[in-house]
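Inside the fold
In case you want the letters, here they are:
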Amino acid sequence: MRLSRRRDPLWTPIELRRSSILDRSSPLFGLSAQAKAQLIAKLSLAYSVRPEERSARRSNPEESSTFSPRLDVSELDGFREIRMIREAADFLGIADPFFRVHEGIAGAETLIGSKTYVNFASYNYIGLNGHPHIADAAKGAIDRYGTTVSASRPVSGERPIHRELEQMLARIHGCEDCVTLVGGHSTNVTVIGHLLGRNDVIVHDALIHNSIVQGATLSGARRVPFPHLDHRAADRLLGELRPRHGRALLVIEGHYSMDGDVPDLPGFIAVARRHRTWLMVDEAHALGVLGPRGFGTADRFEVDPSEVDIWMGTLSKSLVSCGGYIAGRRDLIDYLKLAAPGFVFSVGMAPAAAAAALAAIELLEREPERVRRLNDRAGLFLQLARQGGLDVGGSIGASIVPVITGSSIRAGRLAQAMFERGVNVQPILYPAVPERAARLRFFLTAAHTEEQIRDTVRILMEENRRVEDTPSDLAGVVRHLRKLAPSPGRSQVR
Ligand SMILES: Cc1ncc(COP(=O)(O)O)c(C=O)c1O
């Protein structure tokens, strides 16, 4: 089933996909848009006055006429929506699946509450987290340089390890140069925010990561999404918009993190060239995953990497570290190193993080069988899930396989049932995705065994049937939420 998925704003503990503008028109938990809007309005009354302010008002009648309550975070639409989702989940007996504490290295297995779970909730794609070569490299860097470089690199934060890492990244991306920054998300924000401006246009995949949307918003450029993966639509949009704007940026991901599908890179390159537009590819989930060597999207499509103007990546997934980078032409990298605020005015990468990423790339090059094993395992998961009639969307089975349940309640219940049977997998709920696209998202790693995968899919199918047969008391949810948000004038429950 291909859903036309519009990533909605707001909040998910896994990834914040877009900016937090509450979309009141979209349904939630099967409530109509109107019922949802009414509940949010009522909850705003319930939560916007603090209890001490309420009693101050009551005890001082004179003050009550002039009383002006403090500005409170509970007045945010997003806050109220989160509250509503939590209350509804509580009512339905769905435990909060977020912020689980992992007590050791999270790989194919993980320890939570002293119990071992088969784990599908880590980006440790090629099983490198905790590898002794990487741990030793990180410790060695701390011994040599300390735990911080304490200043921005132009000022006094440059260490040899930064350049070594950048040269290595440039080489595997087939680029002239590279610059690393302290975070993947902030890399997109600062680079896009700085390269584009008010007279420019940014055209991006509708399911693009939140960091790109944030960068586009910061830039002040006009931002226009095109339907997921559709380079013809991008072509049409640029045909219309390009002549009216100064510079243009076309942004895609090499491997989409919610769906595990991939763009037609040559198709997008042709569009970018036709419209004299920069092409940017976010490789967060492609590095270590795609291509025979795991070098990412260019490796997979065997295209000349210089056809892409801006390669972006993160060090936090396959490379088991922390940070972001841009690889491309030397001019671009020189410019960013002197001008991008998130580089110039922010500390350089911590030595241990740079050393860990560098050691991880060494292992990626030395042990390409890790990538093959990852792809085999993910391919097996995809094939078994499909055979079992589960909706896996457009995943190519490289490392990410969604199982779309079609409702947040089902996804929450299914994730909970899996957890109770020893499998840790995260549900992705509205508003991270539209309600009908709610899902469980499985991240495979090279360290998963075939047995773990076969067992997991078998359990998944059993529990999915059970969840599908469990009715949801939506009327009860609505009654419960209304009770928490009484009409104005009546006493407040909280
Ligand atoms: C496509 C994409 N880009 C950027 C990022 C941000 O990377 P980081 O988490 O390393 O900051 C993520 C994070 O998951 C991502 O999925």
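This text follows the structure it describes.
For the structure given in this document, a descriptive report is provided here. (Residues numbered from 1 in each chain as written. Predicted model: local features only at pLDDT ≥ 70, side-chain atom pairs only at ≥ 80, totals over all residues. Heavy atoms only, no water.)

With mixed pairing, the three strands of this open sheet are ordered in space as S1-S2-S11. Two strands lie at the open edges of the sheet, namely strand S1 (109-112) and strand S11 (423-424), each paired on one side alone. Where strand S2 (residues 115-119) and S11 come together, two bridges link them in parallel fashion. Counted as the bridge partner of Asn119 is Asn424 from S11. (Pairing = 2+ DSSP bridges. Helix = DSSP H or I, 4+ residues; strand = E, 2+ residues; numbered from the N terminus.)

Looking at the element boundaries, Asp200 is found in the loop between helix H8 (184-195) and strand S4 (201-205). Once you skip the residues sitting within four places of it in the chain, Asp200 turns out to touch Leu195, Ala221, Arg222, His245, Gly246 and Arg247. (Contact = heavy atoms within 4.5 Å.)

Let us look at the environment of Arg274. Examined against the element boundaries, Arg274 turns out to sit in helix H11 (residues 265-274). The sequence separation of Arg274 and Leu238 amounts to 36 residues, and the corresponding C-alpha distance is 9.2 Å.

Let us look at the nonpolar core. Counting 120 residues, the largest nonpolar core has Leu250, Leu279, Ile326, Phe381 and Leu440 as the members making the most contacts within it. The element contributing the most residues to this core is helix H15 (residues 351-366), with 11 residues. The residues touching Leu279, leaving out its near neighbours within four places in the chain, are Leu250, Ile252, Leu265, Phe268, Ile269, Ala272, Glu307, Val308, Asp309 and Ile310. By size, the runner-up hydrophobic cluster in this structure holds eight residues, among which are Met84, Ala88, Ile94 and Leu481. (Core = buried A, V, L, I, M, F, W, Y, C linked by side-chain atoms within 4.5 Å. Buried < 20%, exposed > 50% of the residue type's maximum accessible area, 1.4 Å probe, protein only.)

Turning next to the packing of helix H17 (residues 408-420) against helix H18 (residues 450-468). Viewed as axis vectors pointing N to C, H17 and H18 meet at an angle of 135°, and their least axial separation amounts to 9 Å. One finds that H17 runs oblique with respect to H18. Considering the relative orientation of H17 and H18, their crossing is right-handed. Side by side, H17 and H18 meet where Arg410, Arg413, Leu414, Ala417 and Met418 of the first sit next to Thr456, Ile459, Leu460, Glu463, Asn464, Val467 and Glu468 of the second. Considered class by class, the residues forming the contact of H17 with H18 number six nonpolar, two polar and four charged. (Axes fitted to C-alpha atoms, helices over the stretch in contact; angles between N-to-C directions. Parallel < 35°, antiparallel > 145°, perpendicular 65-115°, else oblique. Left-handed = near helix turned anticlockwise from the far one by under 90°. Nonpolar A, V, L, I, M, F, W, Y, C, P; charged D, E, K, R; others polar.)

So, on to the sheet that holds strand S8 (residues 310-314). Here we have seven strands laid out as an open sheet, ordered S3-S9-S8-S7-S6-S4-S5, and mixed in their pairing. This sheet does not close on itself; its edge strands, each paired only once, are strand S3 (177-181) and strand S5 (222-226). With strand direction ignored, the average angle separating the axes of adjacent strands in the sheet is 20°.

Attention shifts here to unusual backbone geometry. In this model, Ser114 sits at a positive phi of 65°, which is unusual for a non-glycine residue. Topologically, Ser114 is positioned in the loop between S1 and S2. Judged by its relative accessible area of 65%, Ser114 falls in the exposed class. One non-glycine residue with positive phi stands out, namely Arg276, at about 45°. Its location among the elements puts Arg276 in the loop between H11 and strand S7 (278-282). Residue classification places Arg276 among the exposed residues on the basis of a relative accessible area of 71%.

Take the site of the ligand next. By nearness alone, 14 residues border the ligand, and His185, Asp282, His285, Ser316 and Lys317 come closest of all. Side-chain polar atom of Ser316 to an oxygen atom of the ligand: 2.6 Å apart, as the coordinates give it. In the complex, the protein chains occlude 86% of the 390 Å² of accessible area that the ligand would expose alone. Counting residues per element, the shell around the ligand draws most heavily on H8, which supplies three residues. A per-class count over the shell around the ligand returns two nonpolar, eight polar and four charged. (Near = heavy atom within 4 Å. Polar contact = N/O pair within 3.5 Å; in protein donor to acceptor, adjacent residues only side chain to side chain. Areas by Shrake-Rupley, 256 points an atom, 1.4 Å probe, with all protein chains shown as cover.)

Within the secondary structure layout, Asn129 lies in the loop between S2 and helix H5 (132-145). Taking the relative accessible area as the measure of exposure, Asn129 reaches 38% and is therefore partly exposed. Sequence separation between Asn129 and Ile105 is 24 residues; the distance between their C-alpha atoms is 7.0 Å. Once you skip the residues sitting within four places of it in the chain, Asn129 turns out to touch Ile105, Asn124 and Val320.

Looking now at H15. Note: α-helices contain 3.6 residues per turn, so residues at a spacing of three or four share the same orientation. Given a rise of 1.5 Å per residue, 16 residues ought to cover 22 Å, and the 23 Å separating the end C-alpha atoms of H15 matches this to within 8%. Of all 16 residues making up H15, 12 are buried, and the element is well covered by its neighbours. Listing the buried residues of H15 in full gives Pro351, Ala353, Ala354, Ala355, Ala356, Ala357, Leu358, Ala359, Ala360, Ile361, Leu363 and Leu364. Tucked inside the fold, the buried residues of H15 contact H5, helix H7 (160-173) and helix H16 (369-387). (Expected span 1.5 Å × (residues − 1).)

Turning our eyes to something else, we now look at the pattern of salt bridges. Taken as a whole and assessed by the stated rule, the structure comprises 20 salt bridges. Two residues, Arg421 and Glu462, come together in a salt bridge whose shortest N-O distance is 2.7 Å. Taken together, the residues span a long stretch of sequence, with Arg421 in the loop between H17 and S11 and Glu462 in helix H18 at a distance of 41 residues. With relative accessibility at 26%, the residue Glu462 sits in the partly exposed group. (Salt bridge = Lys/Arg side-chain N within 4 Å of Asp/Glu carboxyl O.)

With that out of the way, let us pick up the packing of H8 against helix H9 (residues 210-219). Two numbers describe how H8 lies on H9: the axes approach to 7 Å, and their chain directions differ by 30°. In terms of orientation, H8 lies roughly parallel with respect to H9. The two elements H8 and H9 meet at a crossing, and its hand is right-handed. Contacts between H8 and H9 involve His185, Asn188, Val189, Ile192 and Gly193 from the first element and Asn210, Ser211, Ile212, Gln214, Gly215, Ala216, Leu218 and Ser219 from the second. Across the contact of H8 with H9, the residue classes tally to five nonpolar, eight polar and no charged.

Right, let's get into the side chain of Arg439. Assignment of secondary structure puts Arg439 in strand S13 (residues 439-443). For Arg439, a relative accessible area of 0% puts it in the buried group. Here the side chain of Arg439 touches Asp259 through a polar contact of 3.3 Å, side chain to side chain.

Purely geometric numbers; function is a separate question.
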